[in-house]
Amino acid sequence: MIEIEEETSAPSSELIEVDKTLESMRDSGFDLATASGEVVDNSYEANATVVRIHAVEKNASAQSKGKSQAKQSRTIESIVFADNGNGIAYEVLASALKLGFSTRYNQRNGLGRFGVGMKLAAISQARRIDIYTKPLGSEVHYHAYLDLVEVSKGLQTLIKAEVVDGFPSEYSNLMQYPQGSNHPKKGEPFESGTLVIWSKVDRLTDGGNYGSAIQERLQELTKFLARAYRIFINNGFYIELNGKHIALYDPLFLLENPKVIENFGEDLRADIIEEKNIEIDGNQVHVKVTLLPKEFRQLKGLGGREKNPVTKAEDLRLRGLYIPENEGRISIVRNNREIYYDIVPKLLPYGVLELDRFIGIEVSFPATLDEYLQVRHVKRGAEPVTKLREELKKFLKRPIAVAREDIRKVWKDTETAERNKARQHQLAEEAVQRAEKTLPAGKGGFQLDTQTQEKILEDLILDLEIDPKQNPEQAEEVKQRVQELPINIVDGAWPGKELFEITHLNGKATIRINHRHPFIQQVYDPLKDLASRDSSTVTAEEAIEIAKKAEIGLDILFMAYAKAENMSSDPDKMYGDLRSYWGQHAQAYTREALSDK
């Protein structure tokens, strides 16, 4: 029988090799934005109302491949976070940098939960973290740090808290209310608060393995802070990055957006299409769908961008609204703090469409439902599990369809108004006017009295969505065209099977084309669009495809007319003259409009 050795001589091991473990944990899934968010979360939880972030940049020499000459690039050597929160108690400070420690461990009524976020976030970007703090009600300052370089060399084995004279002099200006703010205490020192310094930053250099230019990373951080903390900012939470106040960005456009007011001169907000509470295990998940203001989505093809990628037309009012980034993305908000802003696969009906950038979707839930959204310790992801996903998918079907229909309608109405304003039919109208000089005069509409004629003109103007009071010149122009041109064309859009409607007045005719008819949408409109475009923006394949559709469309148009005649028991008697007149005038108009002369 083998005797068991005494416990003192049995093989043993430390739980972890601290230096290698910390180094491995640096790749924990944080980027600059989400890592910074962990510090801001802690500040908010500590009742801070002001958070000031400052990135210290410097030039770094980078050796060019195959060249002896070094080129200059930018790098961030440290990032500083200052807040006016309650500070950290002396007896807690050392533990604040210990992985797994949290005074709120696994609580679900705040922003943190696991006790690893702030520490992992810091070491993902830097090799040293310093915390300086002045607790509320105390005049004493404390300091603790964690340095991965010292840990790897065996120089640091514990985290110790110590009393210090104050905040470091180079950052003391951050521990005061910002001068440029509207705060009543601007320029005065914080009564209490915490200063967190990430130094020995080694993952924030222009280019390299960890991302693109420094400026782009800071822009992404700005957008993240503005969006993730929008509800808090709306309630007075002040965040500053490199001396600039962060204004909120709400992808649903329900909150007051300073950029919208600056660009448009008014406070434009989205409409709520539908919102609902979905109950999951006694807890409420609130879902909201919004449709962005019409002013953002008047023109098809602009896509919420300040410059149309094809026509290069500009609308600078859209600058800084980030509308294209909204396409199909879901904003998932946990305890009023956004933790996810991305596409959730297979959630929207028929997938993600380009026009979905004008639709805002927010799913808000309490932290008690973390498991249903698979919330990770890195607060940069959430994915609804099957039970919640199916409920969301079912709910979103109707409001998304309603929003998409409205977007398309606005586009069509705008296109119709632009056509009428641009007189897109002018060449044809002028050719007909010339041809009519040698043709028999029209006879329709002579029997109408003056009052009826005025009523027809008024109805036509209203059908074209022209307000005579707001646009008297445009209304008068339409009247003049109807009265002077033998035949004129205007553009309309209405539900119905009619290709067009014709108004006869004093021997003259006005054709109103229905741009909701499938033939107009699929044959006529693409041809008109093709004719108006610059040749450099059209490929031969695209032009041939449109021409083929037009060829089929014209054949169908003739056949549809034949079928319409065929619905009569004696079509020759009823429509014989009509065919002759139609052919006669088509011949005369074509010669005048298209002949080489």
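These numbers were taken from a predicted model, which means no experiment stands behind them.

Cut-offs used in this document
Note on numbering: residues in each chain are counted from 1, in written sequence order. Confidence filtering applies because this is a predicted model: local features only for residues at pLDDT of at least 70, side-chain atom pairs given and counted only at 80 or more, and all residues used for totals across whole chains, interfaces and linings. Heavy atoms throughout the structure, all of them, feed into the side-chain values; hydrogens and water do not. A carboxyl oxygen of Asp or Glu within 4 Å of a side-chain nitrogen of Lys or Arg is what we treat as a salt bridge. Secondary structure elements follow DSSP: runs of H or I no shorter than four residues count as helices, runs of E no shorter than two count as strands, and numbering proceeds from the N terminus. Exposed residues in this analysis have more than 50% of their type's maximum accessible area, buried residues have under 20%, and partly exposed residues fall in between, with area computed by a 1.4 Å probe over protein chains only. Here, a strand pair is defined by DSSP locating no fewer than two bridges between the strands. For our purposes a nonpolar core is just a set of buried Ala, Val, Leu, Ile, Met, Phe, Trp, Tyr and Cys residues, chained together by side-chain atoms within 4.5 Å. Only the contacting stretch of a helix is used when fitting its axis, a line to C-alpha atoms as for every element, and angles between N-to-C directions run 0 to 180 degrees. One less than the residue count of a helix, multiplied by 1.5 Å, gives the span that helix is expected to have. Relevant arc is that of directions from the helix axis to the C-beta atoms, nothing else. Here, two residues are considered to be in contact whenever any of their heavy atoms come within 4.5 Å of each other. Think of a polar contact as two N or O atoms within 3.5 Å of one another; within protein, one of them needs to be a possible hydrogen donor and the other a possible acceptor, and neighboring residues in sequence only count if both atoms come from side chains. Under the convention adopted here, Pro, Cys and the residues Ala, Val, Leu, Ile, Met, Phe, Trp and Tyr are nonpolar, Asp, Glu, Lys and Arg are charged, and Gly plus all remaining residues are polar. A residue's bend is given by the angle between axes fitted to the 7 residues ending at it and the 7 residues starting at it. Aromatic rings from Phe, Tyr and Trp, taking only the six-membered ring of Trp, are treated as a pair when their centres fall within 6.5 Å; an angle between ring planes under 30 degrees marks them as stacked, one over 60 as edge-to-face, and anything in between as tilted. Lysine NZ or arginine CZ positioned within 6 Å of the ring centre and within 35 degrees of the ring normal marks a charge as sitting over the ring.

Draft legend 1. Broad picture of the pattern of salt bridges. This model, assessed by the stated rule, comprises 34 salt bridges. Between lysine 259 and glutamate 262 there is a salt bridge whose closest N-O contact spans 3.8 Å. Of this pair, lysine 259 and glutamate 262 are both found in helix H8 (residues 258-264), 3 residues apart, which corresponds to roughly one turn of the helix. With a relative accessible area of 30%, lysine 259 lands in the partly exposed category. Among the ionic pairs, arginine 579 bridges to aspartate 572, the shortest N-O distance being 2.9 Å. Residue class for aspartate 572 comes out exposed when judged on its relative accessible area of 53%. Salt bridges sharing common partners tie together Arg128, Asp130, Asp147, Glu150 and Lys200.

Draft legend 2. Structural context of the pairing of strand S9 (residues 271-280). One ladder, built from 9 bridges, connects S9 with strand S10 (residues 283-291); its direction is antiparallel. By the bridge assignment, glutamate 274 is partnered in S10 with valine 289. Taking the residues between adjacent antiparallel strands as the criterion, S9 and S10 are bridged by 2 residues, where aspartate 281 takes a positive phi near 50°.

Draft legend 3. Quick look at the nonpolar core. Judged by nonpolar contacts, the single largest core of 90 residues is most densely connected at Trp198 and Phe296. The next biggest cluster of nonpolar side chains, apart from the first, holds 14 residues, and it includes Met175, Tyr177, Phe190 and Leu195.

Draft legend 4. Representation of the sheet that holds strand S15 (residues 500-505) within the structure. Strand order in the open sheet formed by 3 strands is S14-S16-S15, with mixed pairing between adjacent strands. What marks the edges here is a single partner per strand, and that holds for strand S14 (487-492) and S15. Going across the sheet, the axis of each strand differs from the next one's by a mean of 20°, ignoring polarity. As judged from the 6 bridges shared by S14 and strand S16 (residues 508-514), these two strands associate in the parallel manner. Bridging across to S16, valine 490 finds its partner in arginine 512.

Draft legend 5. View of helix H11 (residues 450-463). Helix length check: H11, at 14 residues, gives a terminal C-alpha distance of 20 Å against a target of 20 Å (1.5 Å per residue), a fit within 8%. Looking at H11, one finds that the buried residues are Gln453, Leu457, Leu460 and Ile461. Down the axis of H11, the buried side of the element spans an arc of 100°, and every buried residue falls inside it. In H11, the exposed positions angled more than 90 degrees off the buried face are occupied by Gln451 and Leu462. Along its buried surface, H11 packs onto helix H12 (472-484), S14, S15 and S16. The opening residue of H11, the one whose side-chain oxygen lies 3.2 Å from the backbone nitrogen of glutamine 451, is aspartate 449.

Draft legend 6. Structural context of the environment of arginine 319. Structurally, arginine 319 can be placed in the loop between S10 and strand S11 (329-334). With 59 residues separating them in the primary sequence, arginine 319 and valine 260 have C-alpha atoms 9.2 Å apart.

Draft legend 7. Up close: the side chain of asparagine 514. Along the chain, asparagine 514 falls in strand S16. On the basis of relative accessible area, asparagine 514 is assigned to the buried category, the value being 0%. In this structure the side chain of asparagine 514 is engaged in a polar contact, spanning 2.9 Å, whose partner is the backbone nitrogen of tryptophan 494. If near-sequence neighbours (up to four positions away) are discounted, asparagine 514 is found in contact with Gly492, Ala493, Trp494, Gly496, Glu498, Leu499, Phe500 and Ile520.

Draft legend 8. Layout of the packing of helix H14 (residues 540-566) against helix H15 (residues 571-594). Closest axis-to-axis distance for the H14/H15 pair is 10 Å, and the angle between their directions is 145°. Two secondary-structure elements touch here, H14 through Tyr561, Ala564 and Glu565 and H15 through Pro571, Tyr575, Leu578, Arg579 and Trp582. For the contact of H14 with H15, the per-class residue count stands at 6 nonpolar, no polar and 2 charged.

Draft legend 9. Spatial organisation of H15. Within H15, the axis deviates most sharply at aspartate 577, by approximately 25°. Where H15 is buried, its residues meet helix H10 (426-435) and S14.

Draft legend 10. The packing of aromatic side chains, seen in detail. For the structure on display, the rule yields 14 aromatic pairs. Aromatic side chains phenylalanine 253 and phenylalanine 296 sit 5.2 Å apart centroid to centroid with 70° between the ring planes, which places their arrangement in the edge-to-face category. On the criterion of sequence distance, the pair formed by phenylalanine 253 in the loop between strand S8 (244-245) and H8 and phenylalanine 296 in the loop between S10 and S11 is long-range, its members being 43 residues apart. Three or more aromatic residues joined by ring pairs form one cluster here, namely Tyr44, Phe224, Tyr229, Phe232 and Phe237. Residue placement shows lysine 223 over the ring face of tyrosine 322; its charged tip is 5.0 Å from the ring centre. For arginine 512, the ring lying beneath its charged end belongs to tryptophan 494, and the centroid distance is 4.2 Å.

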